[in-house]
Structures are given as structure tokens and as C-alpha cells.
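Results of the structural survey
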Amino acid sequence: MRSLFFFASLLLALSLAAQASQTDTFGWEGPDTVLGVYGNGTATIEDGSPVYNGTQSLKFEESPLGGTPQAYLSWIQDLSDGDVVAASFWVYDDTPSANPSGRIWAHWNDDPSDPTAYNGSAGGNSEYSAGTGWSLLEWEWTVADGHTGLMIEGRIYSSTEFDTVWFDDLTVVAPDGATIIFPDYVVSLEGQSWSAIKSSF
Ligand SMILES: [Ca+2]
Ligand SMILES: [Ca+2]
């Protein structure tokens, strides 16, 4: 009886350990914008932007028109197969069923020393922002094939140069052992943020 109880307790403990997760949020309330940009996007913090929460949001503008610009919003590192990562953010889009619109997507980046490294698409939510003001986009990824890093992308789909969407209130849920990196992440004793390091590339 006692050994059965012990075994059941052990199973519960293991299951809790496997499920234990951390939740972290980022609302663009400081000077930091993104971890990087792919394509023709420009990410800024700008007065007069629509804001979902707090006093600031991230403005993401496409110029010149072309491709699908991606704002790198969060990098989750120290992952292993079977880990589940969930992310969500709010998108401001006032053009229903028409561009510009936003999407949540992600790619694998397994090189912790290089925010621009790319190890394949991780997929995402094929839905676009609703176009009725602020709408929430979310998705969940399960780590496989030995990947160790996941970069969350905020995407813009545009029809006209200078098309813009805004992002706010990013939430990431990842296993306890993972590292969640946001644009204000400080990587060294020099106190540089990823955006500062990126701008020195
Ligand atoms: Ca905010
Ligand atoms: Ca739209």
C-alpha cells in the first residue's frame, strides 16, 4: 500500500514537473522595440499610436512594399523536444477583410549567439487580425526535431507602402527550464539590450 502511494506520488510529481511553466509579458512601455526585423519592416515606439494597454505600443510599418516583414518579438531558448510554448499578442488593425493585417507566426532559431539565425519555419496561426480595432492573436508550438530556440514573429501583410499595424501586450508561456527573451533583455554586464546590440551589427 505504501509503495503504491509512493509510486502514485512520484507520478504526480513527475507530471507536475513536466507541466510546470512560466508566464511572462511585454507591453512596449519602455524604449525597446524588437529583437530584430526580417524584410521591409520598421519597428518604432511612437507617440499618437493606438495603445491596447499602458501608454505605448509597437508600431510596425512596411516600406518599401514587398515580401512579408516580420518583427521578432520574443525568443524562447533552452527548449527540448516535447516542450510546449504558447504566445499571444494584441494587434491593432482597422481594415476588416483587407490589408494591412497582422499575424502571429514563428521560426526556429537554435543559435543563442545570433538573433538573425534561421532553422526553419515553426508555423503559426493562419488567421489574420480581425480589422475591428484591437484583436488577440495566439498560437501554441510543440518543440520537435531537436530544436532549442523559437522566435515569435509579429507579421504584417500589406497592399500599400507605409501600411502599418500595431502590437501590444505580448504574453509567452514556456516550460520552467526555458529562457524567455523580450526586446528589453539584458545580455551582459555592459547593460546592452538586444536592440542595442543589433543596431551595432
Ligand atoms: Ca503597452
Ligand atoms: Ca486588416
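Further up the page is the structure itself.
Now for a look at the structure at hand.

Considerations on the coordination of the calcium ion (ligand 1)
Protein coordination of the calcium ion (ligand 1) is provided by G27 (O), E29 (OE), N53 (O), Q56 (O), D168 (OD) and D168 (OD), with donor distances spanning 2.3 to 2.8 Å. Viewed at the metal, the six donor atoms of the calcium ion (ligand 1) are separated by angles of 49 to 159°, and the geometry they form is irregular. When the donor residues of the calcium ion (ligand 1) are listed from N- to C-terminus, their spacing reads G-x1-E-x23-N-x2-Q-x111-D. A residue pair is termed long-range when its members are at least 10 positions apart, and G27 in the loop between strand 1 (21–26) and strand 2 (36–38) and N53 in the loop between strand 3 (41–44) and strand 4 (58–62) qualify at 26 residues. By relative accessible area, G27 is classed as buried at 17%. For N53, a relative accessible area of 43% puts it in the partly exposed group.

Some points on the coordination of the calcium ion (ligand 2)
Around the calcium ion (ligand 2), the donor atoms from the protein are D93 (OD), D93 (OD), T95 (O), T95 (OG1), A98 (O), P100 (O) and S101 (OG), and they sit 2.3 to 2.6 Å away. Considered as a linear motif, the donors of the calcium ion (ligand 2) on their single chain read D-x1-T-x2-A-x1-P-S. For A98, a relative accessible area of 36% puts it in the partly exposed group.

What to know about the nonpolar core
Among the nonpolar cores identified, the biggest contains 32 residues, and I76, F89, L150 and I152 are the most heavily contacted of them. Put simply, the parts of the chain that give this core at least two residues each are strand 4, strand 5 (70–77), strand 6 (84–93), strand 7 (101–108), strand 9 (133–142), strand 10 (150–157) and strand 11 (164–175). Among the nonpolar cores identified, the runner-up in size contains five residues, and L35, Y72, W75 and I181 belong to it.

Rules of the game
- Residues numbered from 1 in each chain as written.
- Chains lettered and ligands numbered in written order.
- Predicted model: local features only at pLDDT ≥ 70, side-chain atom pairs only at ≥ 80, totals over all residues.
- Heavy atoms only, no water.
- Donors = N, O, S within 2.8 Å, 3.2 Å for Na, K, Ca; no water.
- Tetrahedral: all angles 85-135°; square planar, octahedral: opposite > 155°, others 65-115°.
- Helix = DSSP H or I, 4+ residues; strand = E, 2+ residues; numbered from the N terminus.
- Buried < 20%, exposed > 50% of the residue type's maximum accessible area, 1.4 Å probe, protein only.
- Core = buried A, V, L, I, M, F, W, Y, C linked by side-chain atoms within 4.5 Å.

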